[in-house]
Amino acid sequence: MTSGQNFEQKSAGESGRLPPVIDGPVLNIAIMGLGNYGHMIADAMKYCKRAKIAGAISGSPSKIKEWQSKYSIPEKNCYTYENFDEVKNNPDIDAVYIITPNSQHHGQCLRVAAAGKHVICEKPMAINATEGQEMVDACKKVGVKLLIGYRMHFEANTLEIIRMRNASEFGAIKFFQGLCGFKIDESAKNRLNYETAGGGAMMDMGIYAINGSRYMVGEEPVWVTAQEMKTDPEMFKERVDESITFQMGFPSGAVASCLSTYAANFLDKFFLLGEKGFAEMQPATGYYPIQAWTHNGKLEMGHDSHQTTQMDQMAMIILDGIKPTIPVDGEEGVKDMKIIDGIYKAVKTGQKVMLNL
Ligand code: NAD
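Small disclaimer: the values here were computed from a predicted structure and weren't measured.

*Asks:* Looking at this structure, how should I read the sheet that holds strand S4 (residues 95-98)?
*Replies:* Sheets are built from strands paired through backbone hydrogen bonds, the pairs being either parallel or antiparallel. Reading across the sheet, the six strands line up as S3-S2-S1-S4-S5-S6 and stay open at both edges, with parallel pairing between neighbours. The open sheet is flanked by strand S3 (78-79) and strand S6 (146-148), the only strands paired with a single partner.

*Asks:* Hey, could you run me through unusual backbone geometry in this one?
*Replies:* Of all residues except glycine, most have a negative phi; of all peptide bonds, most are trans. The omega angle of the peptide bond from lysine 123 to proline 124 is -10°, so this bond is cis rather than trans. Considering the arrangement of structural elements, one finds proline 124 in the loop between strand S5 (118-121) and helix H4 (129-142). The omega torsion of the bond from glutamine 282 to proline 283 falls at 0°, within 30 degrees of zero and hence cis. Here proline 283 is to be found in the loop between strand S12 (278-281) and strand S13 (292-294). Residues other than glycine seldom take positive phi values, yet serine 72 does so here, at roughly 50°. In this structure, serine 72 sits in the loop between helix H2 (61-71) and S3. For serine 72, a relative accessible area of 62% corresponds to the exposed category.

*Asks:* In this structure, what is going on with the site of the ligand? I would like to understand it.
*Replies:* Taken together, the neighbourhood of the ligand is formed by 22 residues, with Tyr37, Lys63, Asn102, Lys123 and Arg151 sitting nearest. The separation between an oxygen atom of the ligand and a polar main-chain atom of threonine 100 is 3.3 Å. Between the ligand and tyrosine 208 there is a distance of 3.1 Å, counted from an oxygen atom to a side-chain nitrogen or oxygen. Protein chains shield 80% of the accessible area of the ligand, which is 840 Å² for the free molecule. For the shell around the ligand, the leading source of residues is helix H3 (residues 102-114), giving three residues. If you count residues domain by domain, the shell around the ligand takes at least three from each of domain 1 (3-151) and domain 2 (170-295 + 328-354).

*Asks:* Would you mind showing me how to read the packing of aromatic side chains here?
*Replies:* Counted by the stated rule, this structure contains eight aromatic pairs. A centroid spacing of 6.0 Å and a plane angle of 20° characterise the contact between tyrosine 37 and tyrosine 287, whose relative ring orientation is stacked. Of the two residues, tyrosine 37 sits in helix H1 (residues 36-45) while tyrosine 287 sits in the loop between S12 and S13, which places them 250 residues apart along the sequence. Classification of tyrosine 37 by relative accessible area gives buried; the value is 16%. Here tyrosine 287 falls in the partly exposed class, since its relative accessible area comes to 32%. Between the aromatic rings of phenylalanine 236 and tyrosine 262, the centroid separation amounts to 6.4 Å while the plane-to-plane angle is 20°, which identifies the pairing as stacked. Residue phenylalanine 236 is located in the loop between strand S8 (223-229) and strand S9 (243-249), and its partner tyrosine 262 is located in the loop between strand S10 (255-261) and strand S11 (267-274); the two are separated by 26 residues in the primary sequence. Judged by its relative accessible area of 3%, phenylalanine 236 is buried. Each member of the aromatic cluster is reached from another via a ring pair, and the members are Tyr37, Tyr287 and Tyr288. Here the basic side chain of arginine 111 rests over the ring of phenylalanine 84, its NZ or CZ set 3.8 Å away from the ring centre. Taking the ring centre of tryptophan 223 as reference, the NZ or CZ of lysine 352 above it sits at 4.3 Å.

*Asks:* What exactly am I supposed to notice about the confidence of the model for the chain here?
*Replies:* Atomic detail in the predicted coordinates should be set aside for any region of low pLDDT. Mean pLDDT over the chain: 95, with 96% of residues reaching 70 or higher. Counted against residues more than four places away or in other chains, residues 1-15, with its pLDDT under 50, gives 28 contacts.

*Asks:* Just checking my understanding: could you explain the sheet that holds S9 for this structure?
*Replies:* Spatially, nine strands are ordered S14-S13-S12-S11-S7-S10-S9-S8-S15 in an open sheet, and the strand pairing comes out mixed. Of all strands in the sheet, those bounded by a partner on one side alone are strand S14 (297-298) and strand S15 (353-354). Sheet strands touched by helix H5 (residues 156-166): strand S7 (173-181), S11, S12 and S13. Its angle to S12, the strand with the most contacts, is close to 170°.

*Asks:* Can you walk me through the domain arrangement of the chain in this structure?
*Replies:* In many analyses, interface size is given as the accessible surface area lost on bringing the parts together. Structurally, the chain comprises domain 1 (3-151) and domain 2 (170-295 + 328-354). Put simply, the middle of domain 1 and the middle of domain 2, counted by C-alpha atoms, are 24 Å apart. Between domain 1 and domain 2, the contact holds 25 residues from the first and 30 residues from the second. Note on domain 1 versus domain 2: buried area summed over both sides is about 2300 Å², and carbon and sulfur give 60% of it. When the buried area of domain 1 at its contact with domain 2 is split by residue, Lys123, Tyr150 and Arg151 rank highest and sum to 27% of it. The interface formed by domain 1 and domain 2 includes two salt bridges.

*Asks:* Help me out: how do you make sense of the side chain of threonine 225 in this one?
*Replies:* Here threonine 225 is to be found in strand S8. Sequence-distant contacts of threonine 225, defined by excluding residues within four places in its chain, comprise Thr245, Phe246, Gln247, Ala346 and Lys352.

*Asks:* Would you mind going over the state of the cysteines with me for this structure?
*Replies:* Note on terminology: a disulfide is the covalent bond linking the sulfur atoms of two cysteines. For the structure shown, the criterion picks out zero disulfides. Here cysteine 48 is not cross-linked by a disulfide; its sulfur's nearest cysteine counterpart is in cysteine 121, at 18 Å. For cysteine 48, a relative accessible area of 14% puts it in the buried group. Not part of a disulfide, cysteine 180 finds its nearest cysteine sulfur in cysteine 258, a span of 7.4 Å. Using a relative accessible area of 1% as the deciding quantity, one classes cysteine 180 as buried.

Scoring rules and cut-offs
Residues numbered from 1 in each chain as written. Predicted model: local features only at pLDDT ≥ 70, side-chain atom pairs only at ≥ 80, totals over all residues. Heavy atoms only, no water. Pairing = 2+ DSSP bridges. Helix = DSSP H or I, 4+ residues; strand = E, 2+ residues; numbered from the N terminus. Buried < 20%, exposed > 50% of the residue type's maximum accessible area, 1.4 Å probe, protein only. Near = heavy atom within 4 Å. Polar contact = N/O pair within 3.5 Å; in protein donor to acceptor, adjacent residues only side chain to side chain. Areas by Shrake-Rupley, 256 points an atom, 1.4 Å probe, with all protein chains shown as cover. Domains from an automatic or database assignment. Phe/Tyr/Trp six-rings, centres within 6.5 Å; stacked < 30°, edge-to-face > 60°. Lys NZ or Arg CZ within 6 Å of the ring centre and 35° of its normal. pLDDT = per-residue confidence, 0-100. Contact = heavy atoms within 4.5 Å. Axes fitted to C-alpha atoms, helices over the stretch in contact; angles between N-to-C directions. Buried area = accessible area lost by both parts, 1.4 Å probe. Salt bridge = Lys/Arg side-chain N within 4 Å of Asp/Glu carboxyl O. Disulfide = S-S within 2.5 Å.

See below:
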């Protein structure tokens, strides 16, 4: 039981902090990478008002056939990894959502940008900050938008806690704890291979604690320290981290203490402590309804599909120019990549690493 579960349920009042989904043009999106998460995004878009699945990019002709019939995608909007640059000449596709293994994101983003289409890219945006910055620069150069798939940035309980923090309801923030992980098995080949994942649990799960630290504390960290634990060197080969604990310091003096792991289930918890109150979330980042408490009681902000909400909001960011409360742009992704670089360096050197975000 988490500490918040004893509290009497209380409505947080005004629901959600997202701009309403207004009528307007639809963003036509091709999905690149027709794997597990690609399916989830495609299914979620069935319920979107402003985002629509319009195309598919895959190396597998049978998957393309399946997607064509499942999502009514015309042949002319289907591409392979070899020929997707041709999307440039396709007026029926406005954006490409990259949902391939992490190591592929950088090169694919550069090609989509060169084709003049907006890019939505899954997290982690790349495998290091240098790659991430190159993606930002490439999109800027040709004037297309680059957004990172940070679905929690549109989640109602998360946004309510941020509203409370901004209204000083927690007082000065002192501490954040982010615990993120699950027990992986050897079937998750792309996630356990450095060549595809660019790392281990940190790239996949630790990034939620990193990104969460930043949006929950509301500051950018200035230093990081980190320690790695590996109990199964067979499964977790060199450069593929199993578990890492890390700590970050913020300019105000607030600190974060986090765990990223592929070795334990049920690990999805945020805790934010201020001088006047606290917020706790568990699950904090999973797909299913987020449970959140503060010193005032349970938040009842409701639950919408994270992916449907994300895609409608992203369409409005790209087409209407709305600004989300928590940025989801490429620069936001680069900050997380700089912290990941810092964590891996701190693990290697045993030293505190200063960050310059
Ligand atoms: P997956 O392995 O199920 O799917 C990846 C797809 O990419 C597969 O269809 C595979 O065939 C294809 N692919 C293209 N190039 C490849 C290559 N060179 N090597 C191997 N496969 C290649 O993985 P997934 O779970 O869908 O994850 C994909 C991305 O989405 C990852 O970056 C992951 O971090 C991210 N993701 C995000 C969330 C979220 O909640 N935001 C959830 C899950 C996954």
